[in-house]
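# Understanding the architecture of this molecule
For reference, the chains in residue letters:
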Amino acid sequence: MIYHGEACDADTMYVLKMLRCWVLCYEPTPPPPETTAELALRSAATFASQKVAAYERYVTLPDADLWKASQELAEVARPLTAAGWVDEIMTVQELIVASLRAYIPSAAQRVDYLIFFAEQRQNLIARLIDQHRLADAAALGPETVAGYTDYYNAMREVDRSEIVRLRLDPDLTALQRQLRDAGLTAEPVAALGLLIAGFRASAPPSAPADRLDFDFKFAEARQDLIARLIDDGRTSDARALVNETIDAYRQYASDEGAKRTLVVGDLIGLAQLLAAAQLAADSAAAQQAASDLASA
């Protein structure tokens, strides 16, 4: 090691000069040029971010149409999401939720407003989790579940079957996972409780393929609820659903066109879940059902 004030020989001085020259002249390898697709993504995201700034000013105006602005902002978010601009996406999502919270819908708009507001709060939960803001995500959980409940209650009974299968099932299945990831246990149970109540109150579709889809999703929703009840320490409530869920899988698998391989996988997963919860007899019943279907 060479210290300031110490002499050095000619060879050492030469090496030091070479190192100094290398440091001063070294240029890192330039990044590869953007592809046409990457340039298009960045350009679209840049334009979208400029729109966001305009909307931030617009929604503060006394006569701003918050309903229209929130819907347009949802479209503005798409290129930002595609480009992976995390901070800008969060800004848009928070602005959408704030605008919807301040908006009072007309009677004609109420159903559309309720589902859009619920889904946008769910989107915000997902963004918050992505940024590791779990406490903020958890704080939105109860009101988001309540928003979906309000939407379900506002729907006409004749519309509920398709709404439950095609909209509430994907939304609430994803929501319960997000709330679990945020560290909540009661709210995922509430989300799935709403979904299962919707399935129970709905008449299965008449078309064979749609009815199979309805039955399978209903069975899987009950299995998800068993898992979340166990998470919430409600083992007895979870056990009360086990036989019903196994029977639902068996019934579904007996129909022509059923995806039996998926059912066997679900039942094995259910058996493992119940075994981990120290519910040996229930686990054995699920495993037996999986074995029966696999060998049939």
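In short, a report on the structure. This one's a predicted model, so the numbers in the text were calculated from it and none came from an experiment.

The rules behind each value
- Residues numbered from 1 in each chain as written.
- Predicted model: local features only at pLDDT ≥ 70, side-chain atom pairs only at ≥ 80, totals over all residues.
- Heavy atoms only, no water.
- Helix = DSSP H or I, 4+ residues; strand = E, 2+ residues; numbered from the N terminus.
- Rg over C-alpha atoms; globule rule 2.2 N^0.38 Å.
- Buried < 20%, exposed > 50% of the residue type's maximum accessible area, 1.4 Å probe, protein only.
- Contact = heavy atoms within 4.5 Å.
- Areas by Shrake-Rupley, 256 points an atom, 1.4 Å probe, with all protein chains shown as cover.
- Lys, Arg positive; Asp, Glu negative; His and termini not counted.
- Charge placed at Lys NZ, Arg CZ, Asp CG, Glu CD.

### Points about the overall build of the protein chain
Regarding its fold elements, the protein chain presents 12 helices and zero strands. When the helices and strands of the protein chain are read in sequence order from the N terminus, they spell out α-α-α-α-α-α-α-α-α-α-α-α. In summary, the protein chain has a C-alpha radius of gyration of 28 Å against a globular reference of 19 Å for 296 residues, an excess of more than 25%. Taking all 296 residues of the protein chain together, the buried fraction comes to 41%. In the protein chain, once contacts between residues fewer than 6 apart in sequence are set aside, the share between residues at least 24 apart is 65%. For the protein chain, the computed accessible surface area is about 16400 Å², with 56% contributed by carbon and sulfur atoms. Side-chain charges in the protein chain split into 28 positive and 42 negative, and the spacing between the mean points of these groups amounts to 3 Å.

### Some points on unusual backbone geometry
Look at H132: it is not a glycine, yet its phi comes out positive at around 65°. Looking at where H132 falls in the secondary structure, it is placed in the loop between α5 (110-130) and α6 (134-154). The backbone of Q278 shows a phi angle near 65°, a positive value even though the residue is not glycine. Among the structural elements, Q278 can be located in the loop between α11 (260-276) and α12 (280-295). Owing to a relative accessible area of 70%, Q278 belongs among the exposed residues under this scheme.

### Quick notes on the side chain of S99
The topology assignment puts S99 in helix α4 (residues 86-102). A relative accessible area of 4% places S99 in the buried class. With residues up to four places along the chain from it excluded, the contact list for S99 reads V59, L66 and S70.

The analysis is restricted to geometry; functional conclusions fall outside its scope.
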